Structures are given as structure tokens and as C-alpha cells.
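# Architecture and fold: a report
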Amino acid sequence: MRRLPPGLLLIVSALIIALMTGCHRTNQSRVEATARIPRDAARFEIEAVDDSTALFRPFEAKWIRPGMTVYAVDPSQRDALVAQLRVVRADSGRFRAIVVSQVTRVKKEHFLLAMEPHVPWYRARRFWTGAVMGGAVAALVGR
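Now for a quick tour of the structure. Note that the structure is predicted; figures quoted are calculated from it, not measured.

This part is about a nonpolar patch on the surface. A grouping of Leu 8, Ile 11, Val 12, Ile 16 and Met 20 is seen on the molecular surface, where their side chains present a nonpolar patch of about 470 Å² in accessible area. Mapped onto the secondary structure, Val 12 falls in helix α1 (residues 6–22). Classification of Val 12 as partly exposed rests on a relative accessible area of 32%.

Looking now at the nonpolar core. In terms of nonpolar packing, the biggest core is built from 21 residues, with Phe 44, Phe 56, Ile 64, Leu 85 and Leu 112 touching the most fellow members. Per-element tally for this core: the top contributor is strand β4 (residues 80–91), with four residues. Residues within four places of Leu 112 in sequence aside, it is in contact with Ala 42, Arg 43, Phe 44, Ile 46, Phe 56, Val 70, Tyr 71, Ala 72 and Leu 85. Counting residues in hydrophobic clusters, the runner-up holds five residues, among them Ala 41, Val 73, Leu 113 and Met 115.

A complete count under the given rule lists five aromatic pairs for this structure. Between Phe 44 and Phe 56 the ring centres are 5.5 Å apart and the planes differ by 35°, which places this aromatic pair in the tilted class. Separated by 12 residues along the polypeptide, Phe 44 in strand β1 (residues 42–49) and Phe 56 in strand β2 (residues 53–56) bring together distant segments of the chain. Exposure class is identical for Phe 44 and Phe 56. Each is buried. Aromatic pair Trp 121 and Phe 127: ring centres 4.9 Å apart, planes at 80°, arrangement edge-to-face. The exposure class of Phe 127 is buried, given its relative accessible area of 9%. Taken together, the ring pairs in this structure connect Trp 121, Tyr 122, Phe 127 and Trp 128 into an aromatic cluster.

Reading the values: the criteria
- Residues numbered from 1 in each chain as written.
- Predicted model: local features only at pLDDT ≥ 70, side-chain atom pairs only at ≥ 80, totals over all residues.
- Heavy atoms only, no water.
- Patch = residues over 30% accessible without salt bridge, like charges linked within 9 Å, V, L, I, M, F, W, Y side chains within 5 Å.
- Areas by Shrake-Rupley, 256 points an atom, 1.4 Å probe, with all protein chains shown as cover.
- Salt bridge = Lys/Arg side-chain N within 4 Å of Asp/Glu carboxyl O.
- Helix = DSSP H or I, 4+ residues; strand = E, 2+ residues; numbered from the N terminus.
- Buried < 20%, exposed > 50% of the residue type's maximum accessible area, 1.4 Å probe, protein only.
- Core = buried A, V, L, I, M, F, W, Y, C linked by side-chain atoms within 4.5 Å.
- Contact = heavy atoms within 4.5 Å.
- Phe/Tyr/Trp six-rings, centres within 6.5 Å; stacked < 30°, edge-to-face > 60°.

Below, the structure written as C-alpha cells:
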């Protein structure tokens, strides 16, 4: 059996590792109208509410953007769905969401839930960290 040159072995190893880490299935799917809101959804307090809008502050969630859909839930009713809202504007750390559809009137006692958008595998930091670390291990083992 003929051995590959070290440089080619490194490239082949890195390619195999990248393919192995990139070709995986996720159980995350896009939220449909009939789907449940996942347990790990971000939860925000409503600061102010009027007839058709709600104001909230997403402190740690830097991924909230205008156009996203958020859901109002009632914590006293085991997070029963109250309304669906669309984020329309961001002003100095506050976001304004307009009610798109509702079951009951949105109140200040309710909470807003938002799901972090899905990130493609090739843009995920975890993928690239694994690919680099796998390439380094392959380079050390292939010597």
C-alpha cells in the first residue's frame, strides 16, 4: 500500500472531517402555524401595551430583528398562546411589536416568546471550530 504525501494527507483529512461535520441532520424545523413553541424560546417581559402594539426590551438577545414573529403567552395559564405579534421597529434598545392575530387581548402581565432564527451549518461557529480542531488532530496523527 502506497502512502500519501503529508500535504495531500492533510488536505484529504480536512476534507473528510469537514464533510462529516457538515452533513448532519438537525431536529430543528421551521415553526409552522400548528407547531408548538420550543421550550428554549427566549422570554421577554412586556414593558407597555396598548390596543395593537407591545413594547419590550430583549436584553441579551442580539438576534432580534424587525420582521420577526414573536408570541404572547399567559404564564398564569401554563403559557397559553394569547397572540402572535410581528416586530416592526427598534428604538434605543426597545422593540415595538404589532399584533397580527390574537386569541385574547395582550396585557402587561403576559410574556413574549421568540425563537432564535436557524443558522445554516456553514455559518455556525461551532462547525468551523470543529473543522479546525479536527484538521489539527488529523495533521498531528498523520505525521
